[in-house]
Amino acid sequence: MKHLLTMNDLSIEEIMGLLSDAEQFAKGETWRPKRNYYISNLFFEPSTRTKSSFEMAERKLGLEIIPFEAHTSSVLKGETLYDTVRTLESIGVDSVVIRHTEDNYFAKLIQSGVYLSIMNAGDGCGHHPTQCLLDLLTIKQEFGQFSGLKVAIVGDIRHSRVARSNAETLRRLGAEVVFSGPENWANIKGSGIAYEPIDTAVETADVFMLLRIQHERHSAGMPLTKEEYLAQFGLTLERESRMKQKCIIMHPAPVNRGVEIEDALVECERSRIFKQMENGVFARMAALKNSIEHKEGAGLNETMYTKCKIVG
Amino acid sequence: MKHLLTMNDLSIEEIMGLLSDAEQFAKGETWRPKRNYYISNLFFEPSTRTKSSFEMAERKLGLEIIPFEAHTSSVLKGETLYDTVRTLESIGVDSVVIRHTEDNYFAKLIQSGVYLSIMNAGDGCGHHPTQCLLDLLTIKQEFGQFSGLKVAIVGDIRHSRVARSNAETLRRLGAEVVFSGPENWANIKGSGIAYEPIDTAVETADVFMLLRIQHERHSAGMPLTKEEYLAQFGLTLERESRMKQKCIIMHPAPVNRGVEIEDALVECERSRIFKQMENGVFARMAALKNSIEHKEGAGLNETMYTKCKIVG
Amino acid sequence: MKHLLTMNDLSIEEIMGLLSDAEQFAKGETWRPKRNYYISNLFFEPSTRTKSSFEMAERKLGLEIIPFEAHTSSVLKGETLYDTVRTLESIGVDSVVIRHTEDNYFAKLIQSGVYLSIMNAGDGCGHHPTQCLLDLLTIKQEFGQFSGLKVAIVGDIRHSRVARSNAETLRRLGAEVVFSGPENWANIKGSGIAYEPIDTAVETADVFMLLRIQHERHSAGMPLTKEEYLAQFGLTLERESRMKQKCIIMHPAPVNRGVEIEDALVECERSRIFKQMENGVFARMAALKNSIEHKEGAGLNETMYTKCKIVG
């Protein structure tokens, strides 16, 4: 693949190939591009995990990182994302990693025929494919396969970038998926995913995948206090005690400790929350490698200067 | 040269030497300093293009970049530019690239005898020599020479860092230069540059160099709407159709699309706007190389600690 | 040592060892870790000197720096320092340098058993051990030893991160220390350090160590104007003329020129203010080397994933 925008763009074979590469990187395998490769990370929303994880992945692959800070860029002078990306392309940047508030921000860029590769690191409430890949990697490390597993995705599904695409991808890979948590958040029309009350889901799932309550995306305030949310829909010690023996707990983080999950469970034996972060580096290395190999294989050395929209 | 502050400081020979080096870099030539060389980019105004272009140039020359962010620096505690620069010098930084709101900010630094080199990346409404160099490089690539060319510089000349120094430099190199656009913006007293109405300039120029309207520097609002500006002074499709066959369009960017220039023309065949950005990297590599060679040649290894203003 | 949190944690032998390494680095000695070593600089307060000095030290040791900017991190989404540090640890960061507004911020981190090393670059009004080390290095370079020296620490002692720990450490190393400046700022109960009026201290000290007035930490405004402060408690030309012949002037910077010290004295012959900054790089290289060697020697390769607080 050249770009990585959504999980839907990837075939099952491509997904399994990326997971396989990621597992090699997790074992200490290394890989380097054939020439100096320049990349820039464009984060228009706050991020610690995804940004630093991409930075680490890029360094481990020996890429050259050209810094970009949205709040000191010409975006402040009103420059569009398209012009910003074309600028970076012009100075020789090969790939950009983008996180942006706008759903599907990349459609315009792809349509205009940018030459550099785009790695989507989150678009609005849309997609976040490298998060999905690292989640899959974490499940695969644990269970070896996806078919036969029951995965419960729990919480703020409406505002999540990963819930729907994780659900679809897991089903393509053979897993059973249910949504749980507050019913009006989890009952997504047309998703084809069944809703299950939290107290059923907690006892039957092999993977209990919590989501972060995206306070910053809720237009109205939460109807419940933190304590009420935890008691009704969160993972309490009591609920954890009813889980299947091998059930693992996942969360994309940052965790609202004491809301989605009881503080003491964040680092419990079942928790793979920090393991997910560790895996994020390997999943991103795999995605970057795949995109760079595509470029190298295709001998893509066109400069964008040959492009022309209209002839005067 | 040790510092690069304004184009006026450079002789014609030096300018042609820098352009020649830049052309070599554009062809893929490489160059590295003899030892680890530390540089820091101090941008006190927003920038995408110039900052990332310098970053790319520095990486292509193998320089070590020490990050500096004005908004997280001790400038917030009231530290002066002089003390900031002396601090970086003390920790071992060899060169600083500076963009600052203040015209001629570098005068005080030079006068106090800083040991590191200063590359001016824009001072207030003053100078922006590497932008001038990349403009010259773009023209030279196109026409091979400057004498005999007619260059129209069009638009917000009063607030431009590049209009006057580009005009003077182009004349020193043998080109004819006119200013165009709104007459009260373009009629610069004492510049010795003739004013020409837009509809004459568009038909006679070999190089049509648009400037960005610096909304952020206009104390009063614009007297015209965007549509009115485009119709009266901007580059419309109609005006473009009257250009000389080989006339090229330039703009330092970021472009106000639909104001200085019709959106559809930004990437048309005549446009060198993104080519200019590409050339920016090579022009800056040439400028940095020249400054580093000066230091290497002069064996400048004085530590600044030997400096002393008064003896107690 | 694994972490460097306060000077009190270091034995005299360890301090002398660090100074000795720093002196080797000042002479051009180099040192590299055995494998790729990842570090991140977490500055939650503005800084030029300390941040860029650590960056330079890290580069000179060949470390890989993973950028972190507090104002674009998930700290904005309410993530705690503990979760931020654990995140960086999970993605493979070996050490973090932290400056934070909170006194003793590191206690919680150490208690929770983080695996990465913490280099304290300033906690609230608490400690700043690498500043102390560079001060010691500057004094040692000058006088060869500490015993027999009289050091006057002058000014905003109450709000200083370095005054008390510098005082204690200098006494452990055999120096005599007095506090001076405004009596209500310098008369620290339980410190065991004598107070001396400025006009006595200036005539008897071998090292005259000024502190920055931390305007940003004074809850009420200053009771004196700048001119009044300089006249009553600052280092004027007149006071400087009464100093012992070999007395040196120190200041951690940024200097409030014309307040703590007359502008013209900042770079006078006695001043070691910029020399201190130069030494900062070497002191930090020594501290980083020591911490990395500790990790290498102990074969610390545990991944944090094995950690578990409760078993479900």
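Residues numbered from 1 in each chain as written. Chains lettered and ligands numbered in written order. Predicted model: local features only at pLDDT ≥ 70, side-chain atom pairs only at ≥ 80, totals over all residues. Heavy atoms only, no water.

- Under an unreviewed UniProt entry, the name given to chain A is Aspartate carbamoyltransferase, and the organism recorded is Pradoshia eiseniae.
- Recorded in UniProt under Pathway (unreviewed entry), the annotation for chain A is "Pyrimidine metabolism; UMP biosynthesis via de novo pathway; (S)-dihydroorotate from bicarbonate: step 2/3." (UniProt positions renumbered as here; feature names shortened; annotations may be inferred.)

### Considerations on the sheet that holds strand S6 (residues 176-180) of chain A
All names here are of chain A.
- In space, the 5 strands of this open sheet follow the order S7-S6-S5-S8-S9, with parallel pairing throughout. The open sheet has two edge strands, strand S7 (194-195) and strand S9 (248-250), and neither has a second partner.
- Relative to the sheet, helix H5 (residues 129-143) contacts strand S8 (207-210) and S9, its axis offset from that of S9 by approximately 170°.
- In the packing of helix H6 (residues 163-172) onto the sheet, the strands contacted are strand S5 (150-154), S6 and S8, and the crossing angle to S6 comes to about 155°. (Pairing = 2+ DSSP bridges. Helix = DSSP H or I, 4+ residues; strand = E, 2+ residues; numbered from the N terminus. Contact = heavy atoms within 4.5 Å. Axes fitted to C-alpha atoms, helices over the stretch in contact; angles between N-to-C directions.)

### What to know about empty space enclosed by the protein
Residues and elements named next belong to chain A.
- Tallying each qualifying case throughout the model produces 9 cavities of 30 Å³ or more.
- Roughly 370 Å³ of internal volume is contained in the largest cavity.
- If you trace the largest cavity, you find 29 residues lining it, with Arg99, His128, Gln131, Pro252 and Ala253 closest to the centre.
- At the level of secondary structure, the elements contributing two or more residues to the lining of the largest cavity comprise helix H2 (49-60), H5 and helix H11 (273-298).
- The dominant element in the lining of the largest cavity, judged by the number of residues it contributes, is H11, at 4 residues. (1 Å grid on protein atoms, 1.4 Å probe; cavity = no way out; pocket = protein on both sides within 12 Å on 5 of 7 lines; lining within 4 Å. Points joined across faces, edges and corners; volume = space filled by probe spheres on them.)

### Section: the relation of the copies chain A and chain C
- Between chain A and chain C, which share one sequence, the superposing operator has a rotation angle of 120° and an axial displacement of 0.0 Å; the RMSD is 0.0 Å. In symmetry terms, the pair is related by a three-fold rotation axis.
- Comparing contact sets, just 6% of the residues at the interface of chain A also lie at the interface in chain C, consistent with a heterologous contact between different surfaces. (Least-squares fit on C-alpha atoms with pLDDT ≥ 70 in both.)

### Re the relation of the copies chain A and chain B
- Under the fitted operation, chain A is carried onto chain B by 0.0 Å of movement along the axis and a turn of 120°, and the coordinates agree to an RMSD of 0.0 Å.
- An asymmetric contact is evident, with only 6% of the interface residues of chain A recurring at the interface of chain B.

### Some words on the packing of helix H1 (residues 12-26) of chain C against helix H11 (residues 273-298) of chain C
Residues and elements named next belong to chain C.
- In contact at an axis separation of 8 Å, H1 and H11 are set at 120° when each is read in the N-to-C sense. Between H1 and H11, the angle is such that the two are oblique. In this structure, the crossing between H1 and H11 has a hand that is right-handed. Counted together, Leu18, Asp21, Ala22, Phe25 and Ala26 of H1 and Phe282, Ala283, Met285, Ala286, Ala287, Lys289 and Asn290 of H11 form the full contact between these two elements.
- Its residues assigned to classes, the contact of H1 with H11 shows 9 nonpolar, 1 polar and 2 charged. (Parallel < 35°, antiparallel > 145°, perpendicular 65-115°, else oblique. Left-handed = near helix turned anticlockwise from the far one by under 90°. Nonpolar A, V, L, I, M, F, W, Y, C, P; charged D, E, K, R; others polar.)

### Remarks on the packing of aromatic side chains
- For the coordinates displayed, the defined rule picks out 12 aromatic pairs over all chains.
- Plain terms: the ring middles of Tyr229(A) and Phe233(A) are 5.6 Å apart, the flat faces sit at 50° to each other, and that makes the pair tilted. Pair noted here: Tyr229(A) and Phe233(A) are both in helix H9 (residues 226-233), with a separation of 4 residues, about one helical turn. The residues Tyr229(A) and Phe233(A) share a single accessibility class, namely buried.
- One aromatic cluster is present, built from ring pairs that chain together Trp185(A), Tyr229(A) and Phe233(A).
- When the ring centre of Phe274(B) is taken as reference, the NZ or CZ atom of Arg86(A) above it lies at 4.2 Å. (Phe/Tyr/Trp six-rings, centres within 6.5 Å; stacked < 30°, edge-to-face > 60°. Buried < 20%, exposed > 50% of the residue type's maximum accessible area, 1.4 Å probe, protein only. Lys NZ or Arg CZ within 6 Å of the ring centre and 35° of its normal.)

### A word on the pairing of strand S4 (residues 117-123) of chain C
Residue and element names in this part refer to chain C.
- By the criterion of burial, S4 is predominantly enclosed, with 7 of the 7 residues buried.
- As paired strands, strand S3 (residues 95-100) and S4 are joined by 5 bridges and run parallel to one another. Of the residues in S4, the one forming a bridge with His100 is Asp123.

### Quick look at the UniProt feature "binding site: carbamoyl phosphate" (unreviewed entry) in chain A
Residues and elements named next belong to chain A.
- Taking the UniProt record as the reference, the feature "binding site: carbamoyl phosphate" (unreviewed entry) is found at Arg49, Thr50, Arg99, His128, Gln131, Ala253 and Pro254. Lining residues of the largest cavity, restricted to the annotated ones just named, are Arg49, Thr50, Arg99, His128, Gln131, Ala253 and Pro254.
- Among the secondary structure elements, Arg99 is positioned in strand S3 (residues 95-100).
- By relative accessible area, Arg99 is classed as buried at 4%.
- Polar contacts involving the side chain of Arg99 include one to the main-chain carbonyl oxygen of Ala121, which spans 3.0 Å.
- Inspection of the secondary structure puts His128 in the loop between strand S4 (117-123) and H5.
- Look past the residues within four positions of His128 in its chain and what remains in contact with it is Thr50, Arg99, Ala121, Gly122, Arg161, Val162 and Arg284.
- Side-chain polar atoms of His128 contact the side chain of Arg99, separated by 3.3 Å. (Polar contact = N/O pair within 3.5 Å; in protein donor to acceptor, adjacent residues only side chain to side chain.)

### Regarding the interface of chain A and chain B
- If you look at the interface, chain A gives 33 residues, while chain B gives 31 residues.
- Carbon and sulfur atoms supply 56% of the area buried between chain A and chain B, which totals about 2,900 Å² over both sides.
- At the surface where chain A touches chain B, the tally comes to 4 salt bridges.
- Between Glu64(A) and Arg59(B) there is a salt bridge, with the nearest N and O atoms lying 3.6 Å from each other.
- Counting across the chain A and chain B interface gives 6 residue pairs in polar contact (both at pLDDT 80 or more).
- The set of elements that each furnish at least two residues to the side of chain A that touches chain B consists of strand S2 (64-65) and helix H3 (81-90) of chain A.
- The biggest single contributor to the side of chain A that touches chain B is H3(A), with 7 residues.
- Here the side of chain A that touches chain B is composed, by residue class, of 16 nonpolar, 9 polar and 8 charged. (Buried area = accessible area lost by both parts, 1.4 Å probe. Salt bridge = Lys/Arg side-chain N within 4 Å of Asp/Glu carboxyl O.)

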